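Summary of the model geometry
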Amino acid sequence: MKYKHFQEIEPSNKTDFIMLYFAACRSLRELESNVRYKQNGNLTCEQAWLFRRLYHKLSQMAALWKEQKI
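This section reports on the structure supplied with the text. (Residues numbered from 1 in each chain as written. Predicted model: local features only at pLDDT ≥ 70, side-chain atom pairs only at ≥ 80, totals over all residues. Heavy atoms only, no water.)

1. Quick look at the packing of aromatic side chains
To describe a pair of aromatic rings, you give the distance between the ring centres and the angle between the ring planes. Under the counting rule described, the total for this entry stands at two aromatic pairs. When the ring of F17 is compared with that of W65, the centres are 5.0 Å apart and the planes differ by 15°; the resulting orientation is stacked. Here W65 lies in helix α2 (residues 45–69) and F17 lies in helix α1 (residues 17–38), a separation of 48 residues in the sequence. Where Y21 meets F22, the ring centres are 5.3 Å apart and the plane angle is 70°; that geometry is what we call edge-to-face. With relative accessibility at 17%, the residue Y21 sits in the buried group. (Phe/Tyr/Trp six-rings, centres within 6.5 Å; stacked < 30°, edge-to-face > 60°. Helix = DSSP H or I, 4+ residues; strand = E, 2+ residues; numbered from the N terminus. Buried < 20%, exposed > 50% of the residue type's maximum accessible area, 1.4 Å probe, protein only.)

2. Re α1
For α1, built from 22 residues, the straight-helix expectation of 32 Å at 1.5 Å per residue is met to within 8% by its first-to-last C-alpha distance of 32 Å. Listed as buried for α1 are Y21, C25, L28 and V35. Along α1, the residues classed as buried sweep out an arc of 90° about the axis, all on the same side. The exposed residues of α1 that point more than 90 degrees off its buried face are Y37 and K38. The first or second residue beyond α1 is N40, which carries a positive phi of 55°. (Expected span 1.5 Å × (residues − 1). Arc of directions from axis to C-beta.)

Just distances and angles here, no functional claims.
What follows is the structure, encoded as structure tokens:
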């Protein structure tokens, strides 16, 4: 998968941050569930760490957004 650089992303008035946050959390949960299913309910330590790290980054983005809104 090729990712765009942050500076290349154009602004959009069609999206709402709150909706995007919950959609990203849902996708992360589905991905974790799929990985657990493929590995008989277990995650390696590294996989668990990466999932926690991604969720933490989502939480940090939400906190920054809330700070800027207030």
